[in-house]
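The primary structure of each chain is shown beneath.
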Amino acid sequence: MTTTAITDIACLVTNDPSLGDGSPLGLIRDAAVVIDGDRIVWAGESNRAPAADKAVDAGGRAMIPGFVDSHSHLVFAGDRTQEFNARMSGRPYSAGGIRTTVAATRAASDDELSANVARYLAEALRQGTTTCETKSGYGLTVEDEARALRIAARHTDEVTFLGAHIVSPDYADDPAGYVDLVTGPMLDACAPHARWIDVFCEQGAFDGDQARAVLTAGVAKGLHPRVHANQLGHGPGVQLAVELDAASADHCTHLTAADIDALGQGDTVATLLPGAEFSTRAVWPDARRLLDAGATVALSTDCNPGSSFTSSMPFCIALAVRDMGMTPDEAVRAATAGGAAALRRTDIGRIAPGARADLLLLDAPSHVHLAYRPGVPLADAVWQRGARVA
């Protein structure tokens, strides 16, 4: 292996307080990082850096871990421009628009779907996202859901079965029959291709009993649960997620005090998706209440063609700081270490010995610029698994 030292880093976000200033970000000033193969082997102050085979001069820029986007829907075809335009003209968002994407996705070829996934992952990578979870959910038949997961698995290890996105149009008059399909033949076909199982627990999608049936069936097949919870209104999603030890409850827009207490006391990560609120003009989640209650918070894009068509984690950081009560430090941590926690990963989302060498060098002297300069492309260089990819 050839070791590489990245030196002259003005401000290094490690997300490891033992390496830095004792803050949750573990900040190190005038820092260096040494990579060996796909792993980080050293991080600290530049004047203590060990010798390496190669050197890269960061030029006084800031470096953070690669973003971890723990919630996206990339296996789809078509777009919903007309729906977005209508919504921005006053029509409220509901879960029903998903059916438009289902029809387009079913009609698309495998190659078209795979090319779309690759395109959006490349788009995200250029902005510093080095790990991205993605879901099925736009097929809603046994064959189409399994196909979506096979395609997703070509591009990422973090694959989620979301057959319970909405009740399939084919079962509009028989939602119980669709739940039987999801928990039976569809799960049998999809489980070998996924790590996670998810459900949209929401009015207009699946109620608490249906969501529980879906998640417990998935757990029995070896999949780990996550939940679309409390996006459109108050409901049982968050409590169900905590009860079943789901890795993440995603959206968390409408929370009761009991919901916040449950997330603060449990291991389920509250994943906030500000792109969805931006694109639907919905009320913003209150990240401050969650953080003050001790909950682990993640930020993610929710990249999908209907309610959040963005792949930009920096955009989500800026929204979280401006409108959700987070500090810049908290938002950057949520977009890196928080996302890793939402995927129950310890090898990503931090810059420390043993972690995967996923790094983002910013064209800025501080990570605060991600919120301070919204909309500006600040990714100067990106390393993924130790290789420079952008």
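To be clear, the structure that these remarks concern was listed above.
Worth saying up front: this structure is predicted, and the values here are computed from it rather than measured.

Definitions and limits used
Residues numbered from 1 in each chain as written. Predicted model: local features only at pLDDT ≥ 70, side-chain atom pairs only at ≥ 80, totals over all residues. Heavy atoms only, no water. Helix = DSSP H or I, 4+ residues; strand = E, 2+ residues; numbered from the N terminus. Rg over C-alpha atoms; globule rule 2.2 N^0.38 Å. Buried < 20%, exposed > 50% of the residue type's maximum accessible area, 1.4 Å probe, protein only. Areas by Shrake-Rupley, 256 points an atom, 1.4 Å probe, with all protein chains shown as cover. Phe/Tyr/Trp six-rings, centres within 6.5 Å; stacked < 30°, edge-to-face > 60°. Lys NZ or Arg CZ within 6 Å of the ring centre and 35° of its normal. Pairing = 2+ DSSP bridges. Salt bridge = Lys/Arg side-chain N within 4 Å of Asp/Glu carboxyl O. Contact = heavy atoms within 4.5 Å. Axes fitted to C-alpha atoms, helices over the stretch in contact; angles between N-to-C directions. Parallel < 35°, antiparallel > 145°, perpendicular 65-115°, else oblique. Left-handed = near helix turned anticlockwise from the far one by under 90°. Nonpolar A, V, L, I, M, F, W, Y, C, P; charged D, E, K, R; others polar. Core = buried A, V, L, I, M, F, W, Y, C linked by side-chain atoms within 4.5 Å. Disulfide = S-S within 2.5 Å.

**Q** Tell me about the overall build of the protein, residues and numbers included.
**A** Counting its regular elements, the protein contains 13 helices and 17 strands. For the protein, whose C-alpha radius of gyration is 21 Å, the value lies close to the compact-globule estimate of 21 Å for 390 residues. Per-residue burial over the protein gives 57% buried out of 390 residues. Carbon and sulfur atoms provide 49% of the accessible area of the protein, an area that totals close to 14,700 Å².

**Q** Tell me what's going on with the packing of aromatic side chains, and back it up with residues and numbers.
**A** Considering all chains together, one arrives at seven aromatic pairs under this definition. Their ring planes at 20° and their centres at 5.5 Å tell us that Phe-76 and Tyr-120 sit as a pair that is stacked. Linking Phe-76 in the loop between strand 5 (67–69) and helix 1 (81–88) with Tyr-120 in helix 3 (residues 110–126), this pair joins segments that are 44 residues apart in sequence. The pair formed by Phe-76 and Tyr-120 is uniform in burial state, with each residue classed as buried. When the ring of Tyr-171 is compared with that of Tyr-178, the centres are 5.6 Å apart and the planes differ by 55°; the resulting orientation is tilted. Judged by relative accessible area, Tyr-171 falls into the partly exposed class, the value being 26%. Judged by relative accessible area, which is 0%, Tyr-178 ranks as buried. In this structure an aromatic cluster arises from ring pairing among Phe-76, Tyr-120, Tyr-138 and Phe-309. Lying across the ring of Trp-196, Arg-226 places its NZ or CZ 4.4 Å from the centre. We note Arg-388 situated over the ring of Trp-383; from NZ or CZ to the ring centre the distance is 5.5 Å.

**Q** How would you summarise the sheet that holds strand 16 (residues 379–384) if you had to cite specific residues and measurements?
**A** Here we have seven strands laid out as an open sheet, ordered 3-2-1-4-15-16-17, and mixed in their pairing. Both edges of this open sheet fall to strand 3 (39–45) and strand 17 (387–388), since each of them pairs with a single strand only.

**Q** Break down the pattern of salt bridges for me, citing the residues and quoting the values.
**A** Here the structure, examined in full by the defined rule, presents 22 salt bridges. For Arg-39, the salt bridge identified is with Asp-38, shortest N-O distance 3.5 Å. One salt bridge connects Arg-344 with Asp-245, and the closest N-O pair in it is separated by 2.9 Å. Highlighted residues: Arg-344 in the loop between helix 12 (328–342) and strand 15 (359–362) and Asp-245 in the loop between helix 7 (237–243) and strand 12 (248–251), separated in sequence by 99 residues. By relative accessible area, which is 37% here, Asp-245 ends up partly exposed.

**Q** Would you mind going over the environment of Cys-201 in detail, with residue names and values included?
**A** Looking at where Cys-201 falls in the secondary structure, it is placed in strand 9 (residues 196–201). For Cys-201, the residues in contact, after removing those within four places along its chain, are Phe-206, Asp-207, Gly-208, Ala-211, Val-227, His-228, Ala-229, Asn-230, Pro-236 and Gly-237.

**Q** Would you mind going over the packing of helix 11 (residues 313–323) against helix 12 in detail, with residue names and values included?
**A** Viewed as axis vectors pointing N to C, helix 11 and helix 12 meet at an angle of 140°, and their least axial separation amounts to 9 Å. With respect to each other, helix 11 and helix 12 are oriented oblique. Crossing geometry of helix 11 relative to helix 12 is assigned as right-handed. Residues Met-313, Ile-317, Ala-320 and Val-321 of helix 11 lie in contact with helix 12, whose contacting residues are Pro-328, Ala-331, Val-332 and Ala-335. Here the contact of helix 11 with helix 12 is built from residues that sort into eight nonpolar, no polar and no charged.

**Q** Explain the nonpolar core to me, using residue names and the numbers behind them.
**A** In this structure, Phe-161, Leu-263, Leu-290, Leu-299 and Ile-317 are the most contacted members of the largest nonpolar core, which totals 87 residues. Here this core takes seven residues from helix 5 (residues 175–190), the largest share from any one element. Leaving out residues up to four positions away in the same chain, Phe-161 has contacts with Ser-136, Glu-145, Leu-149, Val-182, Met-186, Leu-187, Cys-190, Ala-194, Trp-196, Ile-197, Asp-198 and Leu-223. Counting 18 residues, the second-largest nonpolar core is a separate cluster that includes Ile-6, Val-33, Ala-43 and Ala-355.

**Q** I'd like a description of the state of the cysteines, backed by residues and values.
**A** Considering all chains together, one arrives at zero disulfides under this definition. Left without a disulfide partner, Cys-201 is nearest to the cysteine sulfur of Cys-252, which lies 12 Å away. Cys-316 takes part in no disulfide bond, and the closest cysteine sulfur, belonging to Cys-303, lies 9.4 Å away. Judged by its relative accessible area of 0%, Cys-316 is buried.

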